[in-house]
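What follows is the residue order along each chain.
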Amino acid sequence: MYLPFANVDRTAVNGLKNLVKSVMESPNPPKGTPETVSMASAVSKALCHINKCNRQRESAFQQPLQARVMIVSISKESATQYVPMMNAIFCAQKMGTVIDGVHFGNMEATFVAQACYLTGGLYRRIRKPEELLTRLIYLFLPDRHARQHLQAPKVLQGNGASQVNVNFQATCFCHRKVIDQGYVCSVCLSIFCEKLAECPTCGITYDEQAMDETSDYPAPELPSY
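All chains use their own residue numbering, which begins from 1 and follows the written sequence. It should be noted that, the model being predicted, local features are given only for residues of pLDDT at least 70 and side-chain atom pairs only at 80 or more, the latter also being counted only at that level, while totals for whole chains, interfaces and linings use all residues. Excluded from the side-chain calculation are hydrogens and water; included are all heavy atoms of the structure.

Chemist: What is the right way to read the overall build of the protein chain from this model?
Modeler: Comment: elements are numbered from the N terminus, with helices defined as DSSP H or I runs of at least four residues and strands as E runs of at least two. Within the protein chain, the secondary structure is distributed over seven helices and eight strands. Areas reported here follow the Shrake-Rupley algorithm with a probe of radius 1.4 Å; residue values treat only the protein chains shown as occluding. With an accessible surface of roughly 15200 Å², the protein chain has 55% of that area assigned to carbon and sulfur atoms.

Pasting the structure below:
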């Protein structure tokens, strides 16, 4: 690796290590602090800042920012983050904001991969820390328009790319469990792992007879991603 790149790479990795170490060794963590990082809160805060900047530019008759959000994930994911994370993803879609993601570890980051795919961004899992700077420069630095003219290695890319590496498993709204099959509210599209007489999200009451009739149908075969 080119020596200046190696120095920058080492500095970035050490900065991430020190940040994680300072959080893990906090002497007095606040009560109720979750074991996992609230990724949805971080993405939502970034989207709020982008929206604020675009409003200011709009009032000054300027073009909106072609902003992007970059997620560097090193922690495990929690099923409780599914609902707020999906809300943040839908907000980014509406704003036209691309989300890119990098995850360190041997396991895939499901929520990060879904966010990147649904917003048209790139997702890459990195096993070796020394690969970080190279991936950031050659994969994630070009914008969405420049990427169309570059021949990048095979990575997960949204907007028409293959879904073979994306895990689209959902999390139920009632128990925050990852499920393969479940029940979906026909009004608000909330997902539940068990049959309920009333939707706790929107309050709609279901027809038990109709639910019993539909429960007789065989479960469809799910595709393997």
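Having put the structure on the table, let's press on.
Chemist: Where do I start with the pairing of strand β3 (residues 122-126) in this structure?
Modeler: Exposure is judged per residue with a 1.4 Å probe applied to protein chains only, and the accessible area is read against the type maximum: over 50% gives exposed, under 20% gives buried, and values in between give partly exposed. Within β3, five of the five residues are buried, which leaves the element mostly enclosed by the surrounding structure. The alternating pattern of β3 places Leu122, Arg124 and Ile126 and Tyr123 and Arg125 on opposite faces, both of which are buried. Relative to β3, strand β2 (residues 98-104) runs parallel, the two being bridged by four bridges. Considered in β3, the bridge of Gly101 is made with Tyr123. Handedness of the crossover joining β2 and β3 through helix α4 (residues 110-119) is recorded here as right-handed. The criterion for strand pairing is that DSSP finds at least two bridges linking the strands in question. Crossovers are described as right-handed under a simple rule: with the strands pointing away from the observer, the path leading from the first strand over the helix to the second runs clockwise.

Chemist: Any chance you could explain the packing of helix α2 (residues 39-59) against helix α3 (residues 82-95) here in plain terms?
Modeler: The description of two packed helices rests on the angle between their axes and on the distance between the axes. Running from N to C, α2 and α3 cross one another at 25°; their axes reach a closest spacing of 9 Å. Considered as vectors, α2 and α3 are oriented roughly parallel to each other. Relative to α3, α2 is oriented so that their crossing is left-handed. Residues Met39, Ala40, Val43, Ser44, Leu47, Ile50 and Asn51 of α2 form the contact with α3, whose participating residues are Pro84, Met85, Ala88, Cys91, Ala92 and Met95. Residue polarity follows a fixed list, in which Ala, Val, Leu, Ile, Met, Phe, Trp, Tyr, Cys and Pro are nonpolar, Asp, Glu, Lys and Arg are charged, and the others, Gly among them, are polar. A class-by-class count of the residues in the contact of α2 with α3 yields 11 nonpolar, two polar and no charged. In this description, a line fitted to the C-alpha atoms serves as the axis of each element, helices being fitted only across the stretch in contact, and the angle between N-to-C directions of two axes falls anywhere from 0 to 180 degrees. When an angle is under 35 degrees it counts as roughly parallel; over 145 it counts as roughly antiparallel; between 65 and 115 it counts as roughly perpendicular; any other value is oblique. Each crossing gets its handedness from the near helix: less than a right angle anticlockwise from the far helix is left-handed, clockwise is right-handed. Two residues form a contact once any of their heavy atoms are found within 4.5 Å.

Chemist: I tried to follow the environment of Leu150 on my own but got confused; where do I start?
Modeler: Its location among the elements puts Leu150 in the loop between α6 (144-147) and β4 (156-157). Considered as a pair, Leu150 and Tyr138 are 12 residues apart in the sequence and their alpha carbons are 9.5 Å apart.

Chemist: Looking at this model, I keep getting lost on the packing of aromatic side chains. Mind explaining?
Modeler: A ring pair, where both rings are aromatic, is described by two values, the distance of the centres and the angle of the planes. Working definition: rings of Phe, Tyr and Trp (its six-membered ring) pair if their centres are within 6.5 Å, and the pair is stacked with planes under 30 degrees apart, edge-to-face with planes over 60 apart, and tilted otherwise. In total, this model carries two aromatic pairs according to the counting rule given. The interplanar angle of 50° and the centroid separation of 5.9 Å between the aromatic rings of Tyr82 and Phe111 together place this pair among those described as tilted. Within this pair, whereas Tyr82 is found in helix α3, its partner Phe111 is found in helix α4, the two being separated by 29 residues in sequence. Of the two residues, Tyr82 and Phe111, both sit in the buried class. When the centroid spacing of 6.4 Å and the interplanar angle of 65° are considered together, the rings of Phe173 and Phe192 count as edge-to-face. Here Phe192 lies in strand β8 (residues 191-192) and Phe173 lies in the loop between β5 (170-171) and β6 (178-179), a separation of 19 residues in the sequence. Given the relative accessible area of 3%, Phe192 is considered buried.

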